[in-house]
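# A structural walkthrough
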Amino acid sequence: MSHSPPPAVTHVVPFGDYEGRIVFSGAENHLFTLMAGQRAAGLDVELLMLVVHDGPRLQEKEAALVASGIRVTRLVYDRSLAPAFGRAAWVAQFPRLVALMRSRRDRIIHTHLPH
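Attention in this report is confined to the structure presented alongside it. (Residues numbered from 1 in each chain as written. Predicted model: local features only at pLDDT ≥ 70, side-chain atom pairs only at ≥ 80, totals over all residues. Heavy atoms only, no water.)

### Some words on helix H2 (residues 56-67)
The periodicity of an α-helix, 3.6 residues per turn, causes residues three or four places apart in sequence to face the same way. For H2, built from 12 residues, the straight-helix expectation of 16 Å at 1.5 Å per residue is met to within 8% by its first-to-last C-alpha distance of 16 Å. By the burial criterion, the buried members of H2 are Leu58, Glu62 and Leu65. Burial along H2 is one-sided: seen end-on, the buried residues are contained in an arc of 65 degrees. When the buried face of H2 is taken as reference, the exposed residues oriented beyond 90 degrees from it are Pro56, Glu60 and Ala67. Packing partners of the buried residues in H2 comprise strand E1 (8-16), helix H1 (26-40), strand E2 (44-53) and strand E3 (71-76). Gly69 sits one or two positions beyond H2 and adopts a positive phi of about 95 degrees. (Helix = DSSP H or I, 4+ residues; strand = E, 2+ residues; numbered from the N terminus. Expected span 1.5 Å × (residues − 1). Buried < 20%, exposed > 50% of the residue type's maximum accessible area, 1.4 Å probe, protein only. Arc of directions from axis to C-beta. Contact = heavy atoms within 4.5 Å.)

### Re the sheet that holds E1
Sheet strands associate in pairs through backbone hydrogen bonding, adopting either a parallel or an antiparallel arrangement. Taken in spatial order, the four strands of this open sheet run E3-E2-E1-E4, and their pairing is parallel. With partners counted over all chains shown, the strands left at the sheet margins are E3 and strand E4 (108-111), one partner each. In this sheet, adjacent strand axes meet at a mean angle of 20 degrees when their direction is disregarded. In terms of strand pairing, E2 meets E3 through six bridges, oriented parallel. Each bridged residue has a counterpart across the sheet, and for Met49 the counterpart in E3 is Arg74. Of the strands in this sheet, E1, E2 and E4 are in contact with H1, which crosses E1 at around 160 degrees. (Pairing = 2+ DSSP bridges. Axes fitted to C-alpha atoms, helices over the stretch in contact; angles between N-to-C directions.)

Now the structure itself:
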């Protein structure tokens, strides 16, 4: 009797840890609750963090998620391109994001906060 792997889902979400601002509000906290429930139901859960601005609160949350059995993959915004390209610097990140998505063809991809 062959066993199939558990259903797999990757959540893709942008995050920024800016001093003096809330990092995790309603949408993010809903996502964390959803992922915990999916993990408890036996799913293979991953968070693909699109890190716009890194900081200690993001790093702490990543460690807590990993400790709970949720895989975390980070795609960190390359700030060195921003002076030349401004907000369009995200376009330079696109090939890395596409490669990550291609390697997850067997997973459900759930995007959040698409802006």
